Amino acid sequence: MQNHPISITDPDDPRIAPFRDIRERDLTGRQGLFIAEGEVVVRVLASSASLCRPQALLVADKRIGALADLIAAWPDGAAVYCASQPVLDRIAGFPLHRGILALGEKPEGGQRAAAISRVASDDVFVVAAGIGNHDNMGGLFRNAAAFGARAVLLDDRCCDPFYRKAIRVSVGAVLRTLMTAGEPLEAILDRLHAAGVEVLAFTPSARETLAGFRRRGPVAVLLGTEGPGLPTSVIARCRPVGIPMKGGFDSLNVAATSAVALHHLTSPALSG
């Protein structure tokens with residue numbers, strides 16, 4: 001085994017400080033770092049597909065055997081710690097049934113800048129405006145990865161996609177998806193338009209339906225919050241598209257909308 005786990009017996013050991021009281025730290029932030037929880041997500045972090053760098057691994061003693069291949073492949077210079085389940089629970093601040101946590105470093109700015117460079121004719125982007133729910137954020141990233149979107153572009157009103165729950169809901173897609181974050185929505189639209197990307201603003205008020213739309217170049221799916229939706233000034237800069245509803249509903253959950261839209265826009269039979 002390449003990496004021999006370092007045994008932790010004291011929950012207050014300074015070496016595992018970044019893993020301590022996870023829920024509280026979720027709220028205060030980690031200065032460019034994040035926590036990945038669960039085997040599936042941690043394996044994504046350690047894989048070649050990840051855009052994030054692993055910093056440390058913390059596992060329950062009882063899971064060392066089952067995770068031997070992951071521990072052996074863990075990058076050199078990134079610590080591997082283990083602890084008994086009771087100690088692990090005290091470190092995390094709650095019962096950690098999955099028995100595995102990892103500390104990772106968010107992507108560098110240069111990787112994010114590549115999101116809208118050299119746009120190809122078949123590229124599809126997801127643009128999120130003011131999405132503050134971490135479940136929805138994780139769902140957006142999962143759908144973007146599943147349907148092969150080029151990148152996810154988040155405006156400056158969106159929640160942090162590296163929040164632990166968002167990463168977990170995305171099944172690790174947040175860790176391997178190109179993204180930009182923190183820009184005003186108007187600036188994102190400017191960059192997309194300059195790159196020749198047609199932006200579809202999803203809104204119940206649209207006269208054009210998604211089913212009737214056929215793309216002929218790179219496109220972006222623009223999604224707003226489920227309450228107020230997208231501002232009229234933003235919709236005016238885009239191509240309004242809607243998904244007709246029955247039963248008195250006028251919209252889907254934002255993650256569900258992204259799945260429907262991406263399926264349509266990435267289907268070869270519906271392009272050109």
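An account of the accompanying structure is given in this report. (Residues numbered from 1 in each chain as written. Predicted model: local features only at pLDDT ≥ 70, side-chain atom pairs only at ≥ 80, totals over all residues. Heavy atoms only, no water.)

### A short note on the pairing of strand E10 (residues 219–223)
And then number 1: With five of its five residues buried, E10 lies for the most part within the structure.
And then number 2: Side chains Val219, Val221 and Leu223 of E10 all project onto a buried face; the interleaved residues Ala220 and Leu222 project onto the opposite face, where all are buried too.
And then number 3: With five bridges connecting them, strand E6 (residues 124–128) and E10 associate as parallel partners. Paired with Ala128 across the strands is Leu223, a residue of E10.
And then number 4: Pairing of strand E9 (residues 198–202) with E10, which is carried by four bridges, proceeds in the parallel orientation. What sits directly across from Ala201, in E10, is Leu222. (Buried < 20%, exposed > 50% of the residue type's maximum accessible area, 1.4 Å probe, protein only. Helix = DSSP H or I, 4+ residues; strand = E, 2+ residues; numbered from the N terminus. Pairing = 2+ DSSP bridges.)

### A look at the sheet that holds strand E4 (residues 79–83)
And then number 1: Spatial ordering of the open sheet is given by E1-E4-E3-E5-E2, a layout of five strands whose pairing is mixed. Of all strands in the sheet, those bounded by a partner on one side alone are strand E1 (6–7) and strand E2 (33–37).
And then number 2: Here strand E3 (residues 53–60) runs beside E4; their pairing, made up of five bridges, is parallel. When the sheet's bridge partners are listed, Val59 is paired in E4 with Cys82.
And then number 3: Along the sheet face, helix H2 (residues 39–46) touches E2, E3 and strand E5 (100–105) and points at about 35° away from the line of E5.
And then number 4: Taken strand by strand, helix H4 (residues 85–92) contacts E3 and E4, and its axis lies near 130° from that of E3. (Contact = heavy atoms within 4.5 Å. Axes fitted to C-alpha atoms, helices over the stretch in contact; angles between N-to-C directions.)

### Details of the environment of Glu39
And then number 1: Residue placement: Glu39 occurs in helix H2.
And then number 2: Apart from residues lying up to four places away in sequence, Glu39 is in contact with Arg63, Leu67 and Ile100.
And then number 3: Reaching out from Glu39, the side chain makes a polar contact with the side chain of Arg63 at a distance of 2.8 Å. (Polar contact = N/O pair within 3.5 Å; in protein donor to acceptor, adjacent residues only side chain to side chain.)

### A closer look at the packing of helix H6 (residues 134–146) against helix H11 (residues 254–265)
And then number 1: In contact at an axis separation of 8 Å, H6 and H11 are set at 10° when each is read in the N-to-C sense. Taken together, the axes of H6 and H11 lie roughly parallel to each other. For the pair H6 and H11, the crossing hand works out as right-handed. On H11, the residues that touch Asn136, Gly139, Leu140, Asn143 and Ala144 of H6 are Val254, Ala255, Ser258, Ala259 and Leu262. (Parallel < 35°, antiparallel > 145°, perpendicular 65-115°, else oblique. Left-handed = near helix turned anticlockwise from the far one by under 90°.)

### Notes on the sheet that holds E6
Backbone hydrogen bonds are what pair the strands of a sheet, in a parallel or an antiparallel way.
And then number 1: Taken in spatial order, the six strands of this open sheet run E8-E7-E6-E10-E9-E11, and their pairing is parallel. At either end of the open sheet lies a strand with only one pairing partner, and these are strand E8 (179–183) and strand E11 (239–241). Strand-to-strand twist across the sheet, computed as the mean angle between neighbouring axes with direction ignored, equals 25°.
And then number 2: Strand direction decides the pairing type here: E9 and E11, joined by three bridges, are parallel. Counterpart to Phe202 in the pairing with E11 is Val241.
And then number 3: Lying over the sheet, H6 contacts E6, strand E7 (151–155), E8 and E10, oriented at roughly 155° with respect to E7.
And then number 4: Contacts from H11 reach E6, E9 and E10, with the element oriented near 165° to E10.

### Quick notes on the pattern of salt bridges
Opposite charge on two side chains permits them to pair, given that their charged atoms come into close proximity.
And then number 1: In this structure the tally under the stated criterion is 18 salt bridges.
And then number 2: Residue Asp135 pairs with Lys165 through a salt bridge whose shortest N-O separation is 3.0 Å. Of this pair, Asp135 sits in helix H6 while Lys165 sits in helix H7 (residues 164–169), placing them 30 residues apart in sequence.
And then number 3: With relative accessibility at 34%, the residue Asp135 sits in the partly exposed group.
And then number 4: Residue Asp190 is joined to Arg237 by a salt bridge in which the shortest nitrogen-to-oxygen separation is 2.6 Å. Pair noted here: Asp190 is in helix H9 (residues 185–194) and Arg237 is in the loop between helix H10 (232–235) and E11, with a separation of 47 residues, a long-range link.
And then number 5: The class of Asp190 is partly exposed, set by a relative accessible area of 43%.
And then number 6: Taken together, the salt bridges that share partners define one network made up of Glu37, Arg98, Arg164 and Arg168. (Salt bridge = Lys/Arg side-chain N within 4 Å of Asp/Glu carboxyl O.)

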